[in-house]
Amino acid sequence: MTDTAAAPEPTAAPSAAPAHDEPLEALEAPAVVAKPLLTPREGVPEVIADAAGLAEAVARFAAGSGPVAVDAERASGFRYGQRAYLVQLRRAGAGTALIDPIAVPDLSGLASALGDTEWVLHAASQDLPCLRELHFTPSALFDTELGGRLAGYPRVGLGPMIEELLGYHLEKGHSADDWSTRPLPVPWLTYAALDVELLVDLRDAVNAELVAQGKLEWARQEFEAVRTAPPAEPRAEPWRRTSGVHRVRKARNLAVVRALWLRRDELARRRDMAPGRVLPDAAIIEAATKLPKTVHLLRALPGYSGRTRSADAVSYFAALETALALPERELPHHPPRSDAPPPAKSWERSDPEAAARLAVARPAVTAIADEHRVPTENLLLPDLVRRLCWAPPADLDDEVVAGYLRNGGARPWQVELTGHVLAAALRRAAAHVL
């Protein structure tokens, strides 16, 4: 699970951890001082790494009751891609399971055994893609992070929410580690098990708050949208996300960025390494701006030294030369072609009417979000608001605008709250311009 809020490494040995065997029902009100949660109640389970262990876990979790807490750990920044290197589960009557998905990469049997059981994840959109690769997907979902956003909590990381709602302090210190490490260190496994220890209890607390605020149906629609979201389409030109590419202006130099990025990606995929570890983005930009004339000069640039990178420099230089020899028609465009509106800061100059529409639409959405204590981006995607203001339908009737929002992916609750308000705002802007 990704939780960007940093926390110190645990400083106490597991045996020194305070007991926390009291019933979880007693945690309805947070304690004045949060209790440190340092060890799982049943201890750290053995990692499941074979078919027999997985079969036992399948039977155990099928016999459990209530929702199942699910989490996954990846090796972002170390390995190529976003595959899972550990899967954690916890369910009443089943305890906690830690599964090595490299050793047992097909979890479809476990998914079938869980049937229509509700899965509880924190920031589910981050973990569902790697779980999908394991044939492990839910039939029903509760996302505690997303639920916390809709409930208006200012801090929605797993640790802060558990502390505020359940009264326990959850140490966070291994989320950015290399989870492809084998064997996994015991402190990491403890951290992983604790990530699902109280997740179902957190779900119950968030659910109660959503009910109290009349937002449970909103949350259900959002959870279902996350659960059924299709896999993200591959980016048409992923090399354009190279850090610092905005400093490269000429098309020929951009072609070098593209060529070096593609060569690095090929090496990273082959070596199963994060691309930034194969060659930093800064080194790509440096070569694309300096355009070294020889391999020796390329090796002299920052980022191309060291035994492996020095050897790779030959192929990087070949890619650079190929890019420099491209005909004009094959050079990349700058800026790239896109159907997205231009940056809003340029609208006042390029399309004053669109700027006027945005000037009334944005505050209208913000006012609704403030009224309901929902983050603006969760009330309605900012990109959808920009698109509506940049190229609105000819008819600004309430239902037409509502249809536009629905076609753009807005859920029913979002359309109900914003459709008529946005239509009225756009009509006001049009009347003012006329």
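The preceding data block contains the structure.
Here the structure is a predicted model, which is why all the values come from computation and not from measurement. (Residues numbered from 1 in each chain as written. Predicted model: local features only at pLDDT ≥ 70, side-chain atom pairs only at ≥ 80, totals over all residues. Heavy atoms only, no water.)

## A word on the overall build of the protein chain
Alright, step 1. The helix and strand tally for the protein chain stands at 19 helices and eight strands.
Alright, step 2. Projected onto the principal axes, the alpha-carbon positions of the protein chain cover approximately 70 × 65 × 40 Å.
Alright, step 3. Looking at the protein chain residue by residue over its 434 residues, the buried ones come to 46%.
Alright, step 4. Sequence-distant contacts, at least 24 apart, represent 68% of the contacts inside the protein chain between residues at least 6 apart.
Alright, step 5. Accessible surface, the protein chain as shown: approximately 21200 Å² in total, 55% of it carbon and sulfur.
Alright, step 6. Distance from the positive charge centre (49 side chains) to the negative charge centre (57 side chains) of the protein chain: 11 Å. (Helix = DSSP H or I, 4+ residues; strand = E, 2+ residues; numbered from the N terminus. Buried < 20%, exposed > 50% of the residue type's maximum accessible area, 1.4 Å probe, protein only. Contact = heavy atoms within 4.5 Å. Areas by Shrake-Rupley, 256 points an atom, 1.4 Å probe, with all protein chains shown as cover. Lys, Arg positive; Asp, Glu negative; His and termini not counted. Charge placed at Lys NZ, Arg CZ, Asp CG, Glu CD.)

## Describing helix 9 (residues 251-271)
Alright, step 1. Over its 21 residues, helix 9 extends 30 Å from the first C-alpha to the last, a length consistent with the 30 Å expected when each residue adds 1.5 Å.
Alright, step 2. Trailing helix 9 by a residue or two, aspartate 272 shows a phi angle of about 50°, which is positive. (Expected span 1.5 Å × (residues − 1).)

## Comments concerning the layout of surface pockets
Alright, step 1. What the largest pocket holds in volume is close to 1500 Å³.
Alright, step 2. Around the largest pocket, the lining is made up of 42 residues, and of these Gln82, Pro129, Ala232, Glu233 and Arg235 lie nearest the centre.
Alright, step 3. Considering each element in turn, the lining of the largest pocket owes the most residues, seven residues, to helix 3 (residues 124-132).
Alright, step 4. Among the residues forming the lining of the largest pocket, the class breakdown is 18 nonpolar, seven polar and 17 charged. (1 Å grid on protein atoms, 1.4 Å probe; cavity = no way out; pocket = protein on both sides within 12 Å on 5 of 7 lines; lining within 4 Å. Points joined across faces, edges and corners; volume = space filled by probe spheres on them. Nonpolar A, V, L, I, M, F, W, Y, C, P; charged D, E, K, R; others polar.)

## What to know about the sheet that holds strand 6 (residues 118-121)
Alright, step 1. On the basis of which strands lie adjacent, the open sheet formed by six strands has the order 2-5-4-3-6-7 and mixed pairing. The two strands at the open ends of the sheet, each matched to only one other strand, are strand 2 (47-48) and strand 7 (140-143).
Alright, step 2. Relative to strand 4 (residues 84-92), strand 3 (residues 65-74) is paired through eight bridges, and the arrangement is antiparallel. Note that in strand 4 the partner of glutamate 73 across the bridge is leucine 86.
Alright, step 3. Together, strand 3, strand 4, strand 6 and strand 7 form the strand contacts of helix 3, whose direction differs from that of strand 3 by roughly 80°. (Pairing = 2+ DSSP bridges. Axes fitted to C-alpha atoms, helices over the stretch in contact; angles between N-to-C directions.)

## Things to note about the environment of valine 401
Alright, step 1. Its place among the elements puts valine 401 in helix 18 (residues 398-407).
Alright, step 2. On the basis of relative accessibility, which here comes to 0%, the residue valine 401 falls in the buried class.

## Quick notes on the packing of helix 4 (residues 144-151) against helix 8 (residues 216-228)
Alright, step 1. Following both chains from N to C, one finds helix 4 and helix 8 inclined at 145°, their axes separated by 10 Å at the closest point. Considering the relative orientation of helix 4 and helix 8, their crossing is right-handed. Seen from helix 4, the contacting residues are Leu146, Gly147 and Leu150; seen from helix 8, they are Trp218, Ala219, Glu222, Phe223 and Val226.
Alright, step 2. Each residue belonging to the contact of helix 4 with helix 8 can be placed in one class, and the counts come to six nonpolar, one polar and one charged. (Left-handed = near helix turned anticlockwise from the far one by under 90°.)

## A short note on the pairing of strand 4
Alright, step 1. Among the nine residues that make up strand 4, eight are buried, leaving the element largely enclosed by the rest of the structure.
Alright, step 2. Two strands pair when backbone bridges link them, and strand 4 and strand 5 (residues 95-99) are joined in this way by five bridges, in the antiparallel orientation. If you follow glutamine 88 over to strand 5, its bridge partner there is leucine 98.
Alright, step 3. As consecutive antiparallel partners, strand 4 and strand 5 are separated by two residues, and within that stretch glycine 93 has a phi angle of approximately 85°, a positive value.

## As for the packing of aromatic side chains
Alright, step 1. This model, assessed by the stated rule, comprises seven aromatic pairs.
Alright, step 2. Pairing tryptophan 218 with tryptophan 413 gives two aromatic rings, centres 4.6 Å apart and planes at 10°, and the pair type is stacked. Of this pair, tryptophan 218 sits in helix 8 while tryptophan 413 sits in helix 19 (residues 412-433), and the two are 195 residues apart along the sequence. By the burial criterion, tryptophan 218 is buried, and tryptophan 413 matches it.
Alright, step 3. Members of the aromatic cluster, connected to one another through ring pairs, are Trp179, Trp188 and Tyr191.
Alright, step 4. Just above the ring of phenylalanine 142 sits the side chain of arginine 203; from NZ or CZ to the centre is 4.8 Å. (Phe/Tyr/Trp six-rings, centres within 6.5 Å; stacked < 30°, edge-to-face > 60°. Lys NZ or Arg CZ within 6 Å of the ring centre and 35° of its normal.)

## Thoughts on the packing of helix 4 against helix 7 (residues 199-212)
Alright, step 1. Relative to each other, helix 4 and helix 7 sit at 25°, their axes nearing to 10 Å. By the angle between their directions, the pair helix 4 and helix 7 is classed as roughly parallel. The two elements helix 4 and helix 7 cross, and the hand of that crossing is left-handed. Facing helix 4, whose interface residues are Thr144, Gly147, Gly148, Leu150 and Ala151, helix 7 presents Leu199, Leu202, Arg203, Val206, Glu209 and Leu210.
Alright, step 2. Tallied by class, residues from the contact of helix 4 with helix 7 come to six nonpolar, three polar and two charged. (Parallel < 35°, antiparallel > 145°, perpendicular 65-115°, else oblique.)

## Observations concerning the nonpolar core
Alright, step 1. Judged by nonpolar contacts, the single largest core of 82 residues is most densely connected at Val87, Leu89, Ile99, Leu131, Phe136 and Leu202.
Alright, step 2. With seven residues, the top contributor of residues to this core is helix 15 (residues 352-372).
Alright, step 3. Dropping the residues within four chain positions of it, isoleucine 99 is found in contact with Val47, Ile48, Leu54, Leu86, Val87, Leu89, Val104, Leu107 and Leu110.
Alright, step 4. Core analysis: the next-biggest nonpolar cluster, separate from the first, contains 33 residues, Tyr80, Val245, Ala255 and Ala283 among them. (Core = buried A, V, L, I, M, F, W, Y, C linked by side-chain atoms within 4.5 Å.)

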